[in-house]
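# Per-entry structural report
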Amino acid sequence: MKNTFHPHRLAEFGVGLLFGIGLILAGMTDPSKVLGFLDLAGLWDPSLAFVMGGAILVSLGAFTLAKKRTTSLLGGAMRLPTSRDIDKRLVTGSLLFGAGWGLAGFCPGPALVSLGTGNPKAVVFVVAMLAGMALFEVLERRPATLALKG
């Protein structure tokens, strides 16, 4: 297996670095910032709403452009989601994601950025997140007959 350099890897690294720097500048790697946003009855910090609003605007523009294309900017196939179904799995996953976010003050992206700083809370969160992902994979691979009995 030959290890060759792919120019798109450099672009991927650059976009990830830009995303990580944005998370740091927005304060998203500080769990107290996130928890302050969720504390509606206490000292509410609305600044996260502006971060989310900016992210939604950027995503809206990007998806609008992406829908008009058949290939990505780097030449890969465009694979946009097509499902619009709201089912039990989606709702359950969303609730679990939100509960984790509210308890820990992290979501996956900022947790990975914080992991790079050696933040012990980020280490615990990422280990728990990876364990949850592994558990999901194990449960997904069960034969259908076991899933019906359990």
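Residues numbered from 1 in each chain as written. Predicted model: local features only at pLDDT ≥ 70, side-chain atom pairs only at ≥ 80, totals over all residues. Heavy atoms only, no water.

## Some remarks on the confidence of the model for the chain
A low pLDDT means the predicted coordinates there should not be read in detail. To keep things clear, this is the line we draw: Each residue carries a pLDDT score, the predictor's confidence in it, ranging from 0 to 100. Think of it this way: any DSSP run of H or I at least four residues long counts as a helix, any run of E at least two long counts as a strand, and we number them from the N terminus.
Here the chain averages 86 in pLDDT, while 93% of its residues score no lower than 70. Mean pLDDT values for the elements of the chain range from 55 in helix H7 (residues 144-149) up to 91 in helix H6 (residues 120-140).

## Quick word on the nonpolar core
Threshold: We call a set of buried residues a nonpolar core when its members are Ala, Val, Leu, Ile, Met, Phe, Trp, Tyr or Cys and they connect through side-chain atoms within 4.5 Å of each other. Throughout this description, buried means an accessible area under 20% of the type-specific maximum (1.4 Å probe, protein chains only), exposed means over 50%, and partly exposed covers the range between.
One finds Leu-23, Met-28, Val-34, Phe-37, Leu-48, Trp-101 and Cys-107 forming the largest nonpolar core, which totals seven residues. Within the second largest apolar cluster, six residues are counted, among which are Phe-106, Ala-111, Ala-122 and Phe-125.

## Brief notes about the packing of helix H2 (residues 31-38) against helix H3 (residues 47-67)
Selection rule: In this description, a line fitted to the C-alpha atoms serves as the axis of each element, helices being fitted only across the stretch in contact, and the angle between N-to-C directions of two axes falls anywhere from 0 to 180 degrees. Reported orientations rely on four angle classes, namely roughly parallel under 35 degrees, roughly antiparallel over 145, roughly perpendicular from 65 to 115, and oblique for the rest. Between two residues, a contact is recorded if the distance between any of their heavy atoms is within 4.5 Å. Only Asp, Glu, Lys and Arg are considered charged, only Ala, Val, Leu, Ile, Met, Phe, Trp, Tyr, Cys and Pro nonpolar, and every remaining residue, Gly among them, polar.
Contact geometry for H2 and H3: axes closest at 8 Å, N-to-C directions at 100°. Judged by the angle between their axes, H2 and H3 are roughly perpendicular. Contact with H2, carried on its side by Lys-33, Val-34 and Phe-37, involves Ser-47, Leu-48, Ala-49 and Met-52 of H3 and no other residues of that element. When grouped by side-chain class, the residues that make up the contact of H2 with H3 number five nonpolar, one polar and one charged.

## Structural notes on the packing of aromatic side chains
The cut-off we apply is this: Side-chain rings of Phe, Tyr and Trp, where Trp is taken by its six-membered ring, are said to pair if the distance between their centres is within 6.5 Å; with planes under 30 degrees apart they count as stacked, over 60 as edge-to-face, and otherwise as tilted.
Tallying each qualifying case throughout the model produces two aromatic pairs. Plain terms: the ring middles of Phe-37 and Trp-44 are 6.2 Å apart, the flat faces sit at 35° to each other, and that makes the pair tilted. Among the residues examined, Trp-44 registers a relative accessible area of 42% and is labelled partly exposed. Between Phe-106 and Phe-125 the ring centres are 5.7 Å apart and the planes differ by 50°, which places this aromatic pair in the tilted class. Here the residue Phe-106 occupies a position in the loop between helix H4 (88-104) and helix H5 (108-115), and Phe-125 occupies one in helix H6, the gap between them amounting to 19 residues.

## Some remarks on H5
Heads up, the condition is: Think of the arc as the fan of directions from the helix axis to the C-beta atoms.
For H5, the set of buried residues is Pro-110, Ala-111 and Ser-114. Considered in projection along H5, the buried side chains sweep an arc of 105° and stay on one side of the axis. Buried residues in H5 make contact with helix H1 (7-25) and H6.

## Re a nonpolar patch on the surface
Selection criterion: Exposure above 30% relative accessible area and the absence of a salt bridge qualify a residue for a patch, where like charges join within 9 Å and nonpolar side chains (Val, Leu, Ile, Met, Phe, Trp, Tyr) within 5 Å. Per-residue and other accessible areas follow the Shrake-Rupley method at a 1.4 Å probe size, with only the shown protein chains counted as cover for residues. Only one rule defines a salt bridge in this text: a Lys or Arg side-chain nitrogen within 4 Å of an Asp or Glu carboxyl oxygen.
Together, Phe-5, Leu-10, Phe-13, Leu-17, Ile-21 and Leu-25 make up an exposed nonpolar region whose accessible area comes to about 710 Å². Mapped onto the elements, Leu-25 comes out in helix H1. By relative accessible area, which is 74% here, Leu-25 ends up exposed.

## A closer look at the side chain of Asn-119
Quick reminder of the rule: Definition of a polar contact: a pair of N or O atoms within 3.5 Å, with one able to donate and the other able to accept a hydrogen when the atoms are protein atoms, and with sequence-neighbouring residues admitted only if both atoms are side-chain atoms.
Turning to its location among the elements, Asn-119 is positioned in the loop between H5 and H6. Within the structure, the side chain of Asn-119 is placed 2.9 Å from the backbone nitrogen of Lys-121, a separation counted as a polar contact. Apart from the residues lying within four places of it in its own chain, the contact partners of Asn-119 are Phe-106 and Ser-114.

## A word on the environment of Gly-20
On the secondary structure map, Gly-20 appears in helix H1. Of the residues examined, Gly-20 reaches a relative accessible area of 8% and is grouped as buried. With 92 residues separating them along the chain, Gly-20 and Leu-112 place their C-alpha atoms 8.8 Å apart.

## What about the packing of H5 against H6?
How two helices pack is summed up by the angle between their axes together with the distance between the axes. Applied cut-off: Helix crossings get a hand from a simple test, with the near helix turned counterclockwise from the far one by less than a right angle marking a left-handed crossing and a clockwise turn marking a right-handed one.
Put simply, H5 and H6 touch, their axes get as near as 9 Å, and they point 130° apart. The angle between H5 and H6 places the two elements in the oblique class. In terms of crossing hand, the pair formed by H5 and H6 is left-handed. For the pair formed by H5 and H6, the contact residues are Pro-108, Ala-111, Leu-112, Ser-114 and Leu-115 on the first element and Ala-122, Val-123, Phe-125, Val-126 and Met-129 on the second.

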